[in-house]
Amino acid sequence: MSAILIIEQVLNGLQFGVMLFLMAAGLTLIFGVMGLINLAHGSLYMIGAFAAAAVAGATGSFLLALAAAMAAAAAAGALVELTVIRRLYAADHLDQVLATFALILIFSEGTRWIFGSFPLYLDVPAALSGPVTLPGGIDYPRYRLALIGAGLAVAVGLWALTQHTRIGIRIRAGENDREMIAALGVDIGRLYTLVFALGAALAGLAGALVGAIQSVQVGMGEPVLILAFVVIVIGGIGSIKGAFIGALLVGLTDTLGGIFLPEFFKLFMEPGAATQTGASLASMAIYILMGLVLIWRPTGLFGARA
Amino acid sequence: MIPERWLTFAVLVGLLAVALGALVMDRPFTITLATRATILALAAVGLNIALGQGGLVSFGHAAFFGIGGYAMGILAHHAQTFTPLELGPLTITGTKSMPVIWLTAVVASALAALLIGLLALRTSGVYFIMITLAFGQMFFYFAISWSAYGGEDGLSIYVRNDFPGLNTLDPIQFFGLCFTLLCLVLLFAGRLMRSPFGLALNAARQAPERVETVGLDPMRLRLLAFVLSGAVTGLAGALFADLNRFVSPAMFSWQLSGELIVLVILGGVARLIGPVVGAIAFVTLEHVLGDVTEFWLIWLGVALLLVVLFARGGIVGLVARRGHG
Amino acid sequence: MKTLLSAAAAAALLAAPAMAEVKVGMITTLSGGGAGLGLDVRDGFLLAIAQSGRDDIEVVIEDDQQKPDIAVQIADEMIQSERVDVMTGIIWSNLAMAVVPAAVNQGVFYLSPNAGPSQLAGPGCHENYFNVAWQNDNLHEAAGAWANETGYTNSFILAPNYPAGQDALTGYKRFYEGELAGELYTQLGQTDYAAEIAQIRASGADSVFFFLPGGMGISFLKQYADSGVEIPVIGPAFSFDQGILQAVGDAALGVVNTSQWSKDIDNPTNAAFVESFEAEYGRLPSLYASQGFDTANLLLSALEVAEPSDADAFREALRAAEFDSTRGDFAFGPNHHPIQDIYAREVIREGDVFTNRIVGVALEDHADAYADECSM
């Protein structure tokens with residue numbers, strides 16, 4: 001296996017990880033601030049992709065599509081927060097799991113009701129289509145490079161937001177001591193709606209960005225949701241830094257595991273069986289990684305709460 | 001509000017009456033539905049031991065359900081194809097006998113619960129939810145690529161397994177078998193709740209430090225609860241596979257783990273009869289709504305939301321007052 | 001239970017209280033991500049029943065949600081309570097394996113409009129089971145044959161790691177005579193193929209064969225087109241069917257795929273089918289719709305000859321397959337699986353709609369590899 005191929009695969013792993021971060025950041029933010037387990041986060045990702053496909057189909061503009069994706073997901077998020085989620089902050093995790101599980105059913109079938117049962121079309125913008133040759137002679141899709149860039153930009157933006165703005169200070173204060181910031185006169189209800197909408201917008205953005213190179217269809221959010229949970233658990237729930245590191249770890253493990261495990265088994269098995277065994281093990285790799293991390297550190301890499 | 005004990009009795013009698021009524025009116029499919037509710041109830045009663053009494057929110061109980069199912073599938077598959085199963089020096093011929101299959105399912109899922117519990121119980125709260133989910137996913141992906149037993153296609157068992165003296169293919173007789181098992185397990189779970197172990201487990205959920213001061217290890221209490229819970233759910237898995245005469249990786253899916261939690265909460269957490277009520281309500285909703293509209297899952301979602309928002313304590317919480325402390 | 005009567009039957013019911021005499025149970029996928037296939041099979045099937053004008057056929061339709069346990073329960077309900085004579089509709093092999101053996105053993109006829117697992121073609125074949133679509137390996141075998149014909153000698157092949165995926169690669173290799181540049185199993189439901197595409201690029205292959213049904217194929221094709229890898233792609237029709245082509249878009253243009261049906265197969269039945277389907281439902285028919293349509297027409301042709309209650313005569317009538325198929329010549333082999341031509345098609349654009357055009361015949365009068373293992 002050549003060095004070029006390995007570098008290309010590492011880039012693929014990074015790109016996958018960065019996309020997972022967009023999902024995981026919202027999830028971990030919502031848990032960190034409100035203590036809520038949101039199983040419906042994958043539905044917001046799906047809403048983003050569908051909104052983007054609809055707007056791109058109508059206007060032909062990818063940027064408008066991205067804006068629509070974030071707006072639609074944020075609106076859906078805010079609506080759900082105001083009507084349902086708000087009543088669940090005091091409830092235990094069990095009620096949250098059940099309520100957001102119900103929301104998945106409503107969102108998925110509702111989307112199918114509106115958009116029908118066939119996948120929608122969404123393509124990468126012309127300016128970003130096709131490959132670009134990187135130093136060292138690696139041909140790499142321009143759009144995937146753009147995804148890595150966009151994901152890193154969001155990561156930096158989130159960091160700046162939480163560290164250097166007034167709203168960020170409130171968010172961090174909310175994570176540490178809810179009564180305190182309420183006592184300081186911050187409208188905690190509005191803060192929660194805002195944080196939820198922000199997390200939803202990030203999920204919608206991820207859905208639209210990924211939807212351009214994947215299939216925009218009902219149920220697309222659930223596999224990503226499970227991966228995003230794995231990410232935030234590895235990183236430590238509530239920690240944005242943890243989500244970032246966790247996302248990269250999961251992205252790299254999943255991508256590189258799929259390539260190297262079959263090669264590894266070929267050293268001592270016949271190729272057909274090795275490919276299959278390797279593929280089976282690779283599909284379990286990230287869950288094994290998560291198990292190992294939790295056995296080593298029961299609250300994840302950067303988790304504070306017990 | 002009626003006492004919980006009466007409700008338990010009424011629900012079980014009601015379930016039995018539905019099945020017998022369907023027999024009289026020659027509606028065999030209604031018996032099948034009642035059997036499905038009974039088996040799902042059994043699985044949820046199992047989950048409730050960990051979830052309700054131990055406070056352990058397992059999002060991976062499909063692992064045990066699936067192990068029970070595959071115990072049935074593998075044993076019956078080897079029996080129906082007359083190919084012995086070679087396990088190193090051990091040769092197992094496979095069997096179609098339900099009691100043997102049940103025992104295997106219970107032992108296998110209890111062992112799995114012991115292993116998973118030893119690792120997962122090091123964590124708590126959300127981390128516990130997620131690590132159990134991860135174990136469930138591992139089993140799911142393993143089953144999908146396990147081509148010896150059908151992979152994603154699963155395994156078909158052409159004829160239902162045997163129970164001495166019964167014709168298990170007759171819907172009402174198979175229902176009777178499942179119903180009897182459910183009653184026995186409920187009896188066991190009820191005793192467990194009131195036993196010193198159950199009381200200690202409850203205390204460990206509410207105030208672990210206090211339990212430690214009287215010399216009990218909360219960790220061991222939880223582990224035992226988790227193992228018992230997994231074993232009961234595994235038994236239900238074996239019955240479920242026999243009901244469908246089919247096993248597939250779908251029994252390991254995270255959606256199934258989610259559905260089991262839904263059954264428990266819908267009925268009422270930590271109530272003996274809660275999971276049974278939840279399972280009956282769920283199967284009824286699924287069947288009735290499915291006939292009304294193609295988009296029935298939306299309405300199922302709405303119904304679940306209403307329960308969470310306005311009926312804390314589930315259906316049982318609405319109608320019965322708590323029995324024993 | 002939803003009961004759908006054909007339009008003619010409904011009209012007849014209003015006119016005179018005629019009892020439906022033949023009861024057909026259709027279990028198919030109508031909700032969730034896989035609903036598009038089931039809807040097409042259902043619509044194709046009902047179109048043929050409506051066109052027949054027969055008022056004595058009742059079709060009972062139920063959604064299996066793509067879950068095996070639900071499908072088994074519905075089958076039990078249809079057999080025990082509804083007492084259907086004929087069953088059909090299942091899309092997925094794993095659901096078919098859960099339902100079909102038990103159903104045919106209880107004396108019901110099963111006509112498969114889509115799934116064709118090898119067990120049911122080989123040792124598990126049954127006199128009451130008829131497959132009107134294909135044995136699962138068929139389209140992959142045709143792809144292998146077409147690769148030879150095109151002169152490919154170094155293929156890179158990939159499929160998801162589950163039984164149908166393993167069968168697909170086996171099917172391709174059964175006919176393909178060249179070398180393998182690589183063989184990969186991907187994860188079921190995988191959505192990102194960057195790593196696989198990088199391996200394809202580095203492999204030096206002269207062709208790529210893939211079997212990735214549903215959303216997996218859409219993702220793969222979009223990402224493949226965007227990667228700049230120019231190696232020609234070949235695959236079975238499932239990733240190029242009318243329902244999903246619009247979601248793949250330009251990325252699919254020019255790709256060769258194998259299918260037993262195409263919109264432009266030149267025969268009067270097919271032309272009438274395409275026109276009436278579009279008129280009735282406002283969309284172009286897919287492969288699956290044609291299979292549903294043919295299944296219903298096979299059933300209708302047998303009902304002309306015998307009643308399902310006369311099982312032996314009805315079975316003979318089905319076996320004769322005396323109906324005008326949308327795919328031209330159609331016959332059953334000894335294991336009740338099709339013997340038919342399999343075409344190579346190319347994806348083209350007609351106006352603003354993506355569709356397929358036949359470029360050649362990949363395999364003529366093709367039967368399956370398992371017929372010898374079937375003893376009936």
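Everything quoted here is computed from the prediction, not taken from an experiment. (Residues numbered from 1 in each chain as written. Chains lettered and ligands numbered in written order. Predicted model: local features only at pLDDT ≥ 70, side-chain atom pairs only at ≥ 80, totals over all residues.)

Bringing the overall build of chain A into the picture now. Each helix and strand counted, chain A has 11 helices and two strands in total. Going from the N terminus to the C terminus, chain A shows its helices and strands as α-α-α-α-β-β-α-α-α-α-α-α-α. For 306 residues, the compact-globule estimate of 2.2 N^0.38 gives 19 Å, and chain A sits close to it at 20 Å. Each of the 306 residues in chain A was classed as buried or not, and the buried ones make up 57%. The long-range fraction of contacts in chain A, counting pairs at least 24 apart against all pairs at least 6 apart in sequence, stands at 75%. (Helix = DSSP H or I, 4+ residues; strand = E, 2+ residues; numbered from the N terminus. Rg over C-alpha atoms; globule rule 2.2 N^0.38 Å. Buried ≥ 20, exposed ≤ 12 C-beta atoms within 10 Å, placed from the backbone. Contact = placed C-beta atoms within 7 Å.)

What follows is about the UniProt feature "transmembrane region" (unreviewed entry) in chain B. The UniProt entry lists residues 31-50, 62-80, 100-121, 128-151, 171-189, 223-241, 261-285 and 297-320 of chain B under the feature "transmembrane region" (unreviewed entry), expressed in the numbering used here. Each end of residues 261-285 of chain B is marked by a C-alpha atom, and these two atoms are 16 Å apart; helix forms 76% of the span and strand 0%. (UniProt positions renumbered as here; feature names shortened; annotations may be inferred.)

Time to look at the confidence of the model for chain B. Residues shown with low pLDDT carry predicted positions that ought not to be read at fine detail. Chain-level statistics for chain B give a pLDDT mean of 89 and a share of 98% at 70 or above. Per the prediction output, this complex has pTM 0.84; the corresponding ipTM is 0.83. (pLDDT = per-residue confidence, 0-100.)

All names here are of chain A. Mapped onto the fold, Thr111 is located in helix H4 (residues 93-115). Given 20 C-beta atoms within a 10 Å radius, Thr111 is considered buried. Once the C-alpha coordinates of Thr111 and Gln9 are considered, the two residues, 102 residues apart in sequence, prove to be 34 Å apart. In contact with Thr111, not counting residues within four places along its chain, are Met46, Phe50 and Val218.

Now for the interface of chain A and chain B. Taken together, the contacts link 35 residues of chain A with 33 residues of chain B. Listing elements by their share of the side of chain A that touches chain B, those giving two or more residues are H4, helix H9 (221-235) and helix H11 (271-296) of chain A. When residues of the side of chain A that touches chain B are assigned to their parent elements, the largest contribution, 14 residues, is made by H4 of chain A. When its residues are assigned to classes, the side of chain A that touches chain B shows 25 nonpolar, seven polar and three charged. (Nonpolar A, V, L, I, M, F, W, Y, C, P; charged D, E, K, R; others polar.)

Quick look at the packing of helix H1 (residues 3-34) of chain A against helix H8 (residues 188-211) of chain A now. Residue and element names in this part refer to chain A. Direction vectors running N to C along H1 and H8 enclose 165 degrees, while the axes themselves pass 8 Å from each other. Taken together, the axes of H1 and H8 lie roughly antiparallel to each other. The way H1 lies across H8 gives a crossing that is left-handed. Contact residues: Met19, Leu22, Met23, Ala25, Gly26, Leu27, Leu29, Ile30, Val33 and Met34 in H1; Tyr192, Val195, Phe196, Leu198, Gly199, Ala200, Leu202, Ala203, Leu205, Ala206, Leu209 and Val210 in H8. A per-class count over the contact of H1 with H8 returns 20 nonpolar, two polar and no charged. (Axes fitted to C-alpha atoms, helices over the stretch in contact; angles between N-to-C directions. Parallel < 35°, antiparallel > 145°, perpendicular 65-115°, else oblique. Left-handed = near helix turned anticlockwise from the far one by under 90°.)

Turning to the confidence of the model for chain A, a few remarks are in order. On average, residues of chain A score 87 in pLDDT, and 98% of them are at 70 or above. Here helix H7 (residues 178-183) of chain A stands out as the element of chain A with the lowest mean pLDDT, 71, in contrast to helix H3 (residues 62-83) of chain A, whose mean of 95 is the highest.

Residue and element names in this part refer to chain C. The contact between helix H6 (residues 138-150) and helix H7 (residues 163-175) brings their axes to 7 Å, and the two run at 35 degrees. The way H6 lies across H7 gives a crossing that is right-handed. On H7, the residues touching His140, Glu141, Ala143, Gly144 and Ala145 of H6 are Ala168, Gly171, Tyr172, Lys173, Arg174 and Phe175. Its residues placed into classes, the contact of H6 with H7 shows five nonpolar, three polar and three charged.

Across the boundary between the two partners, chain A contributes 39 residues, which contact 33 residues of chain C. The element that contributes the greatest number of residues to the side of chain A that touches chain C is H1 of chain A, accounting for six residues. Among the residues making up the side of chain A that touches chain C, the classes are represented as 16 nonpolar, 17 polar and six charged.

Taking 1.5 Å per residue, 23 residues should reach 33 Å; helix H5 (residues 142-164) of chain A reaches 32 Å between its end C-alpha atoms and fits that length. Of the residues making up H5 of chain A, those classed as buried are Tyr143, Arg144, Leu147, Gly151 and Leu158 of chain A. Where H5 of chain A is buried, its residues touch H1, strand S2 (138-141), H8 and helix H10 (240-266) of chain A together with helix H8 (194-203) and helix H9 (215-227) of chain C. (Expected span 1.5 Å × (residues − 1).)

Let us look at the UniProt feature "transmembrane region" (unreviewed entry) in chain A. Residue and element names in this part refer to chain A. Within this numbering scheme, the UniProt entry marks residues 16-37, 44-60, 66-85, 97-122, 142-162, 191-213, 225-252 and 273-296 as carrying the feature "transmembrane region" (unreviewed entry). Between the C-alpha atoms that bound residues 16-37 there is a distance of 23 Å. The span itself is 86% helix and 0% strand. Between the C-alpha atoms that bound residues 225-252 there is a distance of 17 Å. The span itself is 86% helix and 0% strand.

Residue and element names in this part refer to chain C. Along the polypeptide, Ile70 turns up in helix H3 (residues 68-82). Here Ile70 falls in the buried class, since 22 other C-beta atoms lie within 10 Å of it. Each C-alpha atom, one on Ile70 and one on Ile27, is 9.8 Å from the other, the two residues being 43 residues apart in sequence. Residues within four places of Ile70 in sequence aside, it is in contact with Asp64 and Gln65.

With that settled, consider the nonpolar core. Counting residues in each nonpolar core, the largest one holds 365 residues, and the members touching the most others are Ala52 and Ala69 of chain A together with Val99 of chain C. Two domains share this core, each providing at least three of its residues, namely domain 1 (3-134 + 266-332) and domain 2 (138-259 + 341-373) of chain C. The residues contacting Ala69 of chain A, other than those within four sequence positions of it, are Gly48, Ala49, Ala51, Ala52, Gly204, Leu205, Gly207 and Ala208 of chain A. (Core = buried A, V, L, I, M, F, W, Y, C linked by C-beta atoms within 7 Å. Domains from an automatic or database assignment.)

With that settled, the discussion passes to unusual backbone geometry. Residues and elements named next belong to chain C. Its identity is not glycine, yet His336 carries a phi of approximately 65 degrees, on the positive side. Tracing the sequence through the fold places His336 in the loop between strand S12 (331-332) and strand S13 (338-350). Although it is not a glycine, Asp365 adopts a positive phi angle of roughly 40 degrees. For Asp365, the position within the fold is in strand S14 (residues 353-366).

Attention now moves to helix H11 (residues 268-281) of chain C. All names here are of chain C. The terminal C-alpha atoms of H11 lie 20 Å apart, and with 14 residues this matches the ideal 20 Å at 1.5 Å per residue to within 8%. Buried residues along H11 sit against helix H2 (35-52) and helix H12 (287-305). Of the residues flanking the end of H11, it is Gly282, one or two places downstream, whose phi is positive at about 70 degrees.

Before going further, it helps to spend a moment on the pairing of S13 of chain C. Residues and elements named next belong to chain C. Here four bridges tie strand S11 (residues 256-259) to S13, and the two strands are oriented antiparallel to one another. Bridge pairing in S13 links Asn257 to Arg345. The pairing of S12 with S13 spans two bridges and is antiparallel. Bridge pairing in S13 links Ala331 to Ile339. In terms of strand pairing, S13 meets S14 through 10 bridges, oriented antiparallel. If you follow Gln340 over to S14, its bridge partner there is His366. Counted between consecutive antiparallel strands, the loop separating S13 from S14 contains two residues, among which Gly351 sits at a positive phi close to 65 degrees. (Pairing = 2+ DSSP bridges.)

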